[in-house]
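Below, each chain spelled out in residue letters.
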Amino acid sequence: MQRLAKLIYPAQCLTCDEMIEVTRGLCPTCWSNTPFIVDHPCEACGRPLIGDAQEGDLCDDCRAQPRAWDRGRAAMLYAGNGRSIVLRFKHGDRTDLAHSAGQWLANAAEPLITPDTVVAPVPLHWVRILRRRYNQAALLAARVAKLHDRPYIPDLLKRSSATRTLDGMTAEQRRDTVAGAIQITAKRADKIKGKRVLLIDDVMTTGATLTQCAEACLAAGAKGVDVAVLARVDREA
Ligand SMILES: [Zn+2]
Ligand SMILES: [Zn+2]
C-alpha cells in the first residue's frame, strides 16, 4: 500500500530524493536543471533547433536524410539531469519513474496524437527483458496511451533475434546490427491497418531502431508513423 501510494503520488524528487509536494516528479531545483525540450523542436526528430525556428522546421540531419517516420518529439535532451533520469530508469530498476516520465512524454507527444493514433513501444528482446526485468519503453508507452486515451498495443513489434547492445557503436554499426531484426507480430497487423502508429522509446540516438520499427509498421499497412522518446541525444560524441 505504501508503495502504491508512492507510485501514484510521488512525494520524493525522482533524482535528488528531496521531499516535494507537487506531483510532476521533480523538486524545483532538479526541474530547472533538467533539459526539457520546449518551443519548436525539429519536426522529425524532436531535437531543439537554434535560432528563430518556425513550427514544422527540420534540423540539418533530417533535411539531409528524411526519416522513415513523419513527426517526432522528445521530452528532454539526453544530457545532464536528463541523462541521469534515463539511466536510473533503465538500469536502476526504478519503474516508479514511468509515472512522471510518462507524463512528460505524453505532454511532448501531444501534437502527434490524432483520432487514428495507436501507441506501441520499441521492443526489447526477451533475453534482455529477463536481464533487465522490464521494458522501459513499454512502461512509457502504456502511460502515454492511457493519458491520451488511445489504443495501446504492447506486442505490436518483436525482435527476431537478440541484437547486441548498441552502446558504443558507430551509426553505421547500429544500422547493420538492427537491420532486419524487428518484425510486426502477425496477429497484431490488423490493428494498425489504416492507422497512425505512435512509436515510443526511452532514448533516440541515431534513430536506427526507430527506423526499423517504422518501416515494419508501414510495410504492414500503417497509414503513417510518428515517434516520441523520453530523451534525445543531440549530437553523437
Ligand atoms: Zn530534486
Ligand atoms: Zn531532426
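Each remark here, short or long, concerns the structure printed above.
This report concerns the structure included in the present document. Quick caveat: nothing in here was measured; it's all calculated off a predicted structure. (Residues numbered from 1 in each chain as written. Chains lettered and ligands numbered in written order. Predicted model: local features only at pLDDT ≥ 70, side-chain atom pairs only at ≥ 80, totals over all residues. Heavy atoms only, no water.)

## Examining the side chain of Thr15
Structurally, Thr15 can be placed in the loop between helix 1 (2-8) and helix 2 (28-33). Among residues more than four places away in sequence, those in contact with Thr15 are Leu26, Cys30, Asn81, Ile85 and Arg88. (Helix = DSSP H or I, 4+ residues; strand = E, 2+ residues; numbered from the N terminus. Contact = heavy atoms within 4.5 Å.)

## Some words on unusual backbone geometry
Not every positive phi belongs to a glycine, and Asp39 is a case in point at roughly 60°. Within the secondary structure, Asp39 is located in the loop between helix 2 and helix 3 (60-64). The exposure class of Asp39 is exposed, given its relative accessible area of 64%. Of note, the phi angle at Asp149 is positive, near 55°, even though the residue is not glycine. Accessibility expressed as a relative area gives 65% for Asp149, which makes it exposed. (Buried < 20%, exposed > 50% of the residue type's maximum accessible area, 1.4 Å probe, protein only.)

## Describing the coordination of the zinc ion (ligand 2)
Only Cys42 (SG), Cys45 (SG), Cys59 (SG) and Cys62 (SG) from the protein reach the zinc ion (ligand 2) as donors, at distances of 2.2 to 2.3 Å. Around the zinc ion (ligand 2), the 4 donor atoms are arranged such that angles at the metal cover 105 to 114°; this shape is classified as tetrahedral. Considered as a linear motif, the donors of the zinc ion (ligand 2) on their single chain read C-x2-C-x13-C-x2-C. One end of the pair, Cys42, is in the loop between helix 2 and helix 3; the other, Cys62, is in helix 3, with 20 residues separating them in the sequence. Of the two residues, Cys42 and Cys62, both sit in the buried class. (Donors = N, O, S within 2.8 Å, 3.2 Å for Na, K, Ca; no water. Tetrahedral: all angles 85-135°; square planar, octahedral: opposite > 155°, others 65-115°.)

## Let's talk about the pairing of strand 2 (residues 117-121)
With 5 of 5 residues buried, strand 2 is to be regarded as a mostly interior element. Residues of strand 2 alternate between two faces, with Thr117, Val119 and Pro121 on one and Val118 and Ala120 on the opposite face, all of them buried. Of the pairings in the sheet, the one linking strand 2 to strand 5 (residues 196-204) comprises 5 bridges and is parallel in character. Looking across to strand 5, one finds that Pro121 is bridged to Ile200. (Pairing = 2+ DSSP bridges.)

Everything listed here is a matter of coordinates, which is why it stays silent on function.
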